[in-house]
Amino acid sequence: MSEVDRNTQGWRSKGYLDAKTVPLPPTARIESGPVAVIECPQEIPCDPCSENCPVGAIELDEINQSPRVDGDRCTGCSVCVETCPGLAIFVVDCSPDEGCRITLPFEFDLPEAGEEVAGLNRKGEEVTPAIVESVKPRDQSTYDTSTVTVRVEEEYIHEVRNIRRYE
Amino acid sequence: MRIEDHPILSFSGAETFTFSFQDREVSARKGETIAAALHNQGVFELSRSGDKERGRGLFCSIGKCSSCLMKVDGVPNVRTCITMAREGMEVEKQDGFPKVPTDVPELYPQPIRELNPDLLVIGGGPAGLEASLTAASAGVDVLIVDENPLLGGQMIKQTHKFFGSGDQEAGKRGKDIGNDLIEKVEDNPLINTMTSTSAVGIFDDRVGVYKNQEEFIKVNPEKTVVATGATEDMIRFPNNDIPGVYGAGGIQTLMNVNGVKPGNRVLMVGAGNVGLIVAYQLLQADVEVEAIVEITPEIGGYFVHAAKVRRHGVPILTNHKVVRVEGKNKVEKAIIGKVNGSGKVVRGSERELDVDVVALAAGLSPSYKLLHHGGCDLEFQPELGGYVPKRDKRMKTSKEDIYVAGDVSGIEEATAAMLEGTIAGADAALEMGKGESREEEVIKDSMEKLNELRAGPYYEDLRAGLTEVEK
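Residues numbered from 1 in each chain as written. Chains lettered and ligands numbered in written order. Predicted model: local features only at pLDDT ≥ 70, side-chain atom pairs only at ≥ 80, totals over all residues.

### Quick notes on the overall build of chain B
No. 1: Along chain B, the regular secondary structure elements total 10 helices and 29 strands.
No. 2: Taken over C-alpha atoms, the radius of gyration comes to 22 Å for chain B, in line with the 23 Å a tight globule of 471 residues would show.
No. 3: Principal-axis analysis of the C-alpha atoms gives chain B an extent of 65 × 60 × 40 Å.
No. 4: Burial status across chain B gives 53% buried among its 471 residues.
No. 5: In chain B, of all internal contacts separated by at least 6 residues, the share reaching a separation of at least 24 is 63%. (Helix = DSSP H or I, 4+ residues; strand = E, 2+ residues; numbered from the N terminus. Rg over C-alpha atoms; globule rule 2.2 N^0.38 Å. Buried ≥ 20, exposed ≤ 12 C-beta atoms within 10 Å, placed from the backbone. Contact = placed C-beta atoms within 7 Å.)

### Some points on the overall build of chain A
No. 1: Assigned secondary structure in chain A consists of five helices and nine strands.
No. 2: Put simply, of all contacts in chain A between residues at least 6 apart along the chain, 59% involve residues at least 24 apart.

### Remarks on the sheet that holds strand β22 (residues 320-326) of chain B
Residues and elements named next belong to chain B.
No. 1: With antiparallel pairing, three strands are arranged side by side in an open sheet as β22-β23-β24. What marks the edges here is a single partner per strand, and that holds for β22 and β24 (351-353). Adjacent strand axes in the sheet meet at a mean angle of 35 degrees, parallel and antiparallel pairs treated alike.
No. 2: The pairing of strand β23 (residues 333-338) with β24 spans three bridges and is antiparallel. By the bridge assignment for β24, Ile335 is matched with Glu352. (Pairing = 2+ DSSP bridges. Axes fitted to C-alpha atoms, helices over the stretch in contact; angles between N-to-C directions.)

### A look at the interface of chain A and chain B
No. 1: With 37 residues of chain A at the interface, the matching set in chain B holds 36 residues.
No. 2: Mapped by element, the contributors of at least two residues to the side of chain A that touches chain B are α2 (11-14) and α4 (48-52) of chain A.
No. 3: When the residues that make up the side of chain A that touches chain B are grouped by side-chain class, the tally is 15 nonpolar, nine polar and 13 charged. (Nonpolar A, V, L, I, M, F, W, Y, C, P; charged D, E, K, R; others polar.)

### Concerning the environment of Leu360 of chain B
All names here are of chain B.
No. 1: Along the chain, the position of Leu360 falls in strand β25 (residues 357-360).
No. 2: Residue classification places Leu360 among the buried positions, given that 27 C-beta atoms sit within 10 Å.
No. 3: Along the backbone, Leu360 and Gly247 are 113 residues apart, and their C-alpha atoms lie at a distance of 4.8 Å.

### Focus: the domain arrangement of chain B
Residue and element names in this part refer to chain B.
No. 1: What the domain assignment reports for chain B is domain 1 (16-106), domain 2 (113-231 + 365-469) and domain 3 (261-361).
No. 2: Centre-to-centre separation of domain 1 and domain 2, based on C-alpha positions: 30 Å.
No. 3: At the interface, 10 residues of domain 1 touch seven residues of domain 2.
No. 4: Here the side of domain 1 that touches domain 2 is built from residues that sort into seven nonpolar, one polar and two charged. (Domains from an automatic or database assignment.)

### Things to note about helix α3 (residues 174-187) of chain B
All names here are of chain B.
No. 1: For α3, which comprises 14 residues, the first-to-last C-alpha distance of 20 Å matches the rise-based estimate of 20 Å (1.5 Å per residue) to within 8%.
No. 2: Among all positions in α3, only Gly174, Ile177, Gly178, Leu181 and Val185 are buried. All buried residues of α3 fall inside an arc of 100 degrees around its axis, so they share one side. Relative to its buried face, α3 has exposed residues pointing more than 90 degrees away, namely Glu183, Glu186 and Asp187.
No. 3: Buried residues along α3 sit against α2 (126-137), β12 (191-194) and α8 (414-431). (Expected span 1.5 Å × (residues − 1). Arc of directions from axis to C-beta.)

### With respect to the confidence of the model for chain A
No. 1: In this model, chain A carries a mean pLDDT of 91, and residues with pLDDT of at least 70 account for 95%.
No. 2: Contacts for the low-pLDDT stretch residues 1-6 of chain A, under 50 throughout, to residues beyond four places or in other chains number nine contacts. (pLDDT = per-residue confidence, 0-100.)

### What about the packing of α2 of chain B against α3 of chain B?
All names here are of chain B.
No. 1: Running from N to C, α2 and α3 point in directions that differ by 35 degrees, and their axes come no closer than 10 Å. For the element pair α2 and α3, the recorded crossing hand is left-handed. Across from Pro126, Leu129, Glu130, Ser132 and Leu133 in α2, the residues of α3 making contact are Gly178, Leu181, Ile182, Lys184 and Val185.
No. 2: When grouped by side-chain class, the residues that make up the contact of α2 with α3 number six nonpolar, two polar and two charged. (Left-handed = near helix turned anticlockwise from the far one by under 90°.)

### Details of the pairing of strand β7 (residues 126-136) of chain A
Residue and element names in this part refer to chain A.
No. 1: The pairing of strand β6 (residues 116-120) with β7 spans five bridges and is antiparallel. Looking at the pairing, Leu120 lines up with Glu126 of β7.
No. 2: Adjacent in sequence and paired antiparallel, β6 and β7 are bridged by five residues, among which Gly124 carries a positive phi angle near 85 degrees.
No. 3: In this sheet, strand β8 (residues 147-152) lies alongside β7 in antiparallel orientation, the contact comprising five bridges. The residue of β8 that forms the bridge with Val135 is Val148.

### Overview of the nonpolar core
Note that soluble globular proteins tend to have their nonpolar side chains buried in a common cluster.
All names here are of chain B.
No. 1: Grouped together as the largest cluster of nonpolar side chains are 179 residues, with contacts concentrated most on Met268, Ala279, Val358 and Ala359.
No. 2: With 11 residues, the top contributor of residues to this core is α8.
No. 3: Apart from residues no more than four positions distant in its own chain, Val358 is found in contact with Gly244, Val245, Leu267, Val269, Val322, Val325, Val331 and Ala334. (Core = buried A, V, L, I, M, F, W, Y, C linked by C-beta atoms within 7 Å.)

### What to know about the environment of Leu9 of chain B
No. 1: The residue Leu9 of chain B is located in the segment before β1 (16-21) in this model.
No. 2: For the pair Leu9 of chain B and Gly259 of chain B, spaced 250 residues apart in sequence, the C-alpha separation works out to 8.7 Å.

### Remarks on the sheet that holds strand β15 (residues 215-219) of chain B
All names here are of chain B.
No. 1: One open sheet holds the four strands; their spatial order is β9-β15-β14-β13, and the pairing between them is mixed. What marks the edges here is a single partner per strand, and that holds for β9 (113-115) and β13 (197-203). Between one strand axis and the next, the sheet turns by 30 degrees as a mean value, whatever way the strands run.
No. 2: Alignment of β9 against β15, held across three bridges, turns out to be parallel. When the bridges of β15 are listed, Leu115 appears paired with Val219.

### Considerations on the pairing of β6 of chain A
No. 1: The pairing of β6 of chain A with strand β9 (residues 162-165) of chain A spans four bridges and is antiparallel. In the sheet register, Leu120 of chain A faces β9 of chain A, and the bridge partner there is Asn162 of chain A.

### Remarks on the packing of helix α5 (residues 273-284) of chain B against helix α6 (residues 303-310) of chain B
Residues and elements named next belong to chain B.
No. 1: Running from amino to carboxyl end, α5 crosses α6 at an angle of 35 degrees, the nearest separation of the two axes being 9 Å. Judged by the sense of rotation from one axis to the other, the crossing of α5 with α6 is left-handed. Facing Asn273, Leu276, Ile277, Ala279 and Tyr280 of α5, the residues of α6 in contact are His305, Ala306, Lys308 and Val309.
No. 2: For the contact of α5 with α6, the per-class residue count stands at six nonpolar, two polar and one charged.

### Some thoughts on unusual backbone geometry
Residue and element names in this part refer to chain A.
No. 1: The phi dihedral of Asp97 falls on the positive side, at around 65 degrees, and the residue is not glycine.
No. 2: Residue placement: Asp97 occurs in the loop between β4 (89-93) and β5 (100-105).
No. 3: At Asp144, a residue that is not glycine, the phi angle is positive and equals roughly 65 degrees.
No. 4: Along the chain, Asp144 turns up in the loop between β7 and β8.
No. 5: The class of Asp144 is partly exposed, set by 16 C-beta atoms lying within 10 Å.

This is the structure we're talking about:
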């Protein structure tokens, strides 16, 4: 989809994408293991995601293009989640027998593994509770951004994009 | 109002000392400005206006707007936002328009010292630092003056990661890029730096600088690079002058350099990149952002910056503007409203927000006045932010010996400022007979990178403006 087509979805005035307009990997791919989802529809000059991907799974013909994930190559390693300057990349995973999890960039007071947190959608609304599975603080991140992996029910895998610690 | 825990920054609990303000003692942290120390103590009114008797508070935090002028140790009109607090100093609220004192001998030094660097760089932000490093690598002797107490310009308060190409340090936080540049400059034996030093005028072939409010120096450089950056724009609404209305960048300095919160609940005006980024950084400093209002129908900043604040629940209200601010001596609430196609507020759409801070991110204007004083040709280019100097592709102005780089030559991102600085520094070196083929390569390479950065649809207007000023 070109930038002009995506504009008609209204992200320019709303500041968030509708889940149905995000280029999502097919369900079968998500069920076969972790994979990156890039929510970066705008043509801006930026390429660290593609430059740093260890398996060359992020396609960018030139720096102003909106990046695309090659689901066959992507291993879901989360390097792009840490490296994206716009915090616009997430890794989703619904491997069989393990439930669903989302890895997201998080630059706030970090929760602890095992903690229950609020799962927020792209508008910051609480849609479901989520359980923190693991936390990777900035100082352990190669690219200086902390990430949090949370478990959610499958129906929220394309909804939850942020968390909030309960008081 | 100190920031205690921060996900990106750490503030040292450095030793405290006191200075006097009116008839009380105020404690301060080593390395902080007078205005930041007062702000931390809840002092928001720094002066009162002359004829209308209205309070004035901090606005830009980088020495450009005059909203923070106070009397310090008997000297009036001191910009307290860029003047470090010192133990035992006497700070007074300024009331009305002060008289120039005649009994402070330090203000009238004789004889005047002179300095003769090859290259004078005015402004130690990303453009000025890159210009200096590039020129020095060709063997040029450089003097950098900057009126702020710290080098790095606005880079040192950018806690977010920069966009761009991986080979131009994209993906690094702005403050880290800035601090790396500062370190390289300070380690370079050919570069001298003078902070807290204002360039006050360009006269024929020399530049007057004023150091630490105490020494006037004549600088006689062969070439000058003016990299004075930009000033935050004020917008019109009732009570826009009272304490609590800040430039968004001013808040960034207060928060991310001085470690002081601007208040508790903020209305952000403008959804360009500055407004979006500062809103996110306010959240990181544990300050609430009630809303971002944007008068146009679309968010002007990058989508990804908008998405970051939206997923924290901050509403971005397009087609909305701030109608007025209310409060006695400090912002107590803000009234916002929906606008129709002609920019007028729709009747009945007004609503009140319970905020104590209004942050203006309504644009930046190039700080061109020194260039004007120096006789450089200027042109009004709205796409570039206002009056900008005419110049060639190598950043040379209409004056043979004066170059420009960074926001003063047109409002852009810091990456563009650094590339322009590199070009200006390299060309100045070549013109002085110092550079060689390597400098030509550097210029060519930087021009290509600039073209790449400016290539996308986001920068269409900018490209049109640049075509006009590059003769």
